[in-house]
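Architecture at a glance
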Amino acid sequence: MSETSKPALRHDWSKQEISALFELPFNDLLFQAQSIHRQNFDPNQVQVSTLLSIKTGACPEDCGYCSQSSKNDAEVERERLLPLDEVIEKAQQAKNNGAHRFCMGAAWRNPTDKNLDKVIDMITAVKNIGMETCVTLGMLTEKQSQRLKQAGLDYYNHNLDTSPEHYGDIITTRTYQDRLDTLAHVRAANINVCSGGILGMGEKREDRVSLLQQLANLPQHPDSVPINMLVQVEGTPLHGVDEIEALEFVRTVAAARIIMPASVVRLSAGRTEMSDETQALCFLAGANSIFYGDRLLTTDNPDESHDQQLFAKLGLNTKQVFETKGKQSACACG
Ligand code: SAM
Ligand code: DTB
Ligand code: SF4
């Protein structure tokens, strides 16, 4: 199919339509997802981002999955905001290891304006190294989003996490609408939006359908959609919850690819618990980004050498500049 004959991006997905994708025979679902993937992206290319926790622990929010919530009993080494030189050193290491983007996360409900000054210095420094930047700092006002844009920030990560229906079982200290408001502020400031969720938090398939519907029916699809598998941390309320089956995880990735065809879908947290085969199926289903480096924020990620071997076995290329063939600006409905 030629670039111009690609169907317009849709923002009116019904739950029934998304459920019907999940119910397809697995081979049909993966074929459809991979076909759409190929219309929009180089199928053998994966974008790589490296994470750094710039402020760890003692967060006032009560997210049931999170090691960093002060309401949970997880053992996490609390740290104040990292000094700028340490951030620069970590970003340079990430670049030397081949990462394209450096993502900095802070355990805040929202940043104060003073915090933001310091994060802006970090963004400027990481951009000077020649990397793309992403930060995840909690809720943002419109003005704070504009300041980040002026600093040259490329992406802001703020996840919806789960469906509106399941949300109250996971977090009570901020509302779903608060999250949507932050996403709107980031979009209005013309920063690329990174937003997705976590699977394996005891949700039903209908919650996965509903989360994907929320993401796809935003006024513009997120540019990047992280699909995390819950990393179960001892001391958090979700420790010990039933795990999601690998094939159901793959189905969710495939459905995300189909309904948000031009977005980069990131196979995010949880890869240490996944076999190479499950990850390969996720790439076949249309995932084309990962977190690279042996640490996420407070938990482990596969080490670089394992990922290098996996890329080699699958013939995946992470070296070139990552460019999407799909252009969200082509959307007539956003
Ligand atoms: N404090 C900010 C916030 O929550 O808005 C930013 C940092 S927070 C750690 C970023 C995201 O990481 C969360 O929204 C959640 O989706 C993801 N996350 C946190 N803990 C996780 C876990 N144990 N497993 C999978 N994903 C997790
Ligand atoms: C996202 O969706 N996943 C990343 C990033 N955005 C900030 C975070 C994963 C955290 C996993 C648990 C931890 O290491 O604390
Ligand atoms: Fe705090 Fe973010 Fe963890 Fe929630 S996910 S407890 S807001 S660090």
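The preceding data block contains the structure.
Notes on the structure in this doc start here. This one's a predicted model, so the numbers in the text were calculated from it and none came from an experiment.

Here we look at the pairing of strand β8 (residues 264-267)
Because side chains alternate across β8, one face comprises the buried residues V264 and R266, and the other comprises V265 and L267, equally buried. Two elements, strand β7 (residues 224-229) and β8, share four bridges in a ladder whose sense is parallel. Counted as the bridge partner of I227 is L267 from β8. Between β8 and its parallel partner strand β9 (residues 289-291), the chain crosses via helix α10 (residues 276-284), and the hand of that crossover is right-handed.

Quick look at helix α8 (residues 205-216)
With twelve residues, α8 should cover 16 Å at 1.5 Å per step; its first-to-last C-alpha distance of 17 Å lies within 8% of that length. Counting buried positions along α8 yields nine of twelve residues, so the element is predominantly enclosed. Looking only at α8, the buried set comprises D207, R208, V209, S210, L211, L212, Q213, L215 and A216. On its buried face, α8 sits against α1 (15-23), α6 (164-167), α7 (176-188), β6 (197-199), β7 and α9 (246-259).

Focus: the packing of aromatic side chains
The final tally for this structure, using the stated rule, is two aromatic pairs. The interplanar angle of 85° and the centroid separation of 5.2 Å between the aromatic rings of Y167 and Y176 together place this pair among those described as edge-to-face. Assessed through its relative accessible area of 5%, Y167 is described here as buried. The positively charged end of R101 is found above the aromatic ring belonging to Y155, 3.7 Å away from the centroid. Directly above the aromatic system of F291 lies the positively charged group of R266, at a separation of 4.7 Å from the ring centroid.

So, the site of ligand 2
What surrounds ligand 2 is a group of 13 residues, the closest being N159, N228, L297, T298 and T299. N159 is positioned with one of its side-chain polar atoms (N or O) 2.8 Å from an oxygen atom of ligand 2. Tallied by class, residues from the shell around ligand 2 come to six nonpolar, seven polar and no charged.

Observations concerning the site of ligand 1
Near ligand 1 lie 16 residues; those nearest to it are A106, W108, N159, D161 and V231. One nitrogen or oxygen atom from the main chain of W108 is found 3.1 Å from a nitrogen atom belonging to ligand 1. At 2.9 Å from an oxygen atom of ligand 1 is found a side-chain nitrogen or oxygen belonging to N159. Across the complex, the protein chains shield 89% of the 560 Å² of accessible surface that ligand 1 would expose by itself. Looking at the shell around ligand 1, its residues break down into nine nonpolar, five polar and two charged.

Structural notes on the pairing of strand β3 (residues 132-136)
Sheet faces and side chains relate simply in a regular strand, where the side chains alternate between the two faces. For strand β2 (residues 101-106) and β3, the ladder comprises five bridges, and the chain directions are parallel. Each residue of the ladder has a partner; that of C103, found in β3, is C134. Handedness of the crossover is the feature at issue here: the chain leaves β2, passes through helix α4 (residues 113-129), returns alongside β3, and the resulting connection is right-handed. Across two bridges, β3 lies against strand β4 (residues 155-157) in parallel orientation. Note that in β4 the partner of V135 across the bridge is Y156.

Each value, and the rule that gives it
- Residues numbered from 1 in each chain as written.
- Chains lettered and ligands numbered in written order.
- Predicted model: local features only at pLDDT ≥ 70, side-chain atom pairs only at ≥ 80, totals over all residues.
- Heavy atoms only, no water.
- Buried < 20%, exposed > 50% of the residue type's maximum accessible area, 1.4 Å probe, protein only.
- Helix = DSSP H or I, 4+ residues; strand = E, 2+ residues; numbered from the N terminus.
- Pairing = 2+ DSSP bridges.
- Right-handed = clockwise from strand over helix to strand, strands pointing away.
- Expected span 1.5 Å × (residues − 1).
- Contact = heavy atoms within 4.5 Å.
- Phe/Tyr/Trp six-rings, centres within 6.5 Å; stacked < 30°, edge-to-face > 60°.
- Lys NZ or Arg CZ within 6 Å of the ring centre and 35° of its normal.
- Near = heavy atom within 4 Å.
- Polar contact = N/O pair within 3.5 Å; in protein donor to acceptor, adjacent residues only side chain to side chain.
- Nonpolar A, V, L, I, M, F, W, Y, C, P; charged D, E, K, R; others polar.
- Areas by Shrake-Rupley, 256 points an atom, 1.4 Å probe, with all protein chains shown as cover.

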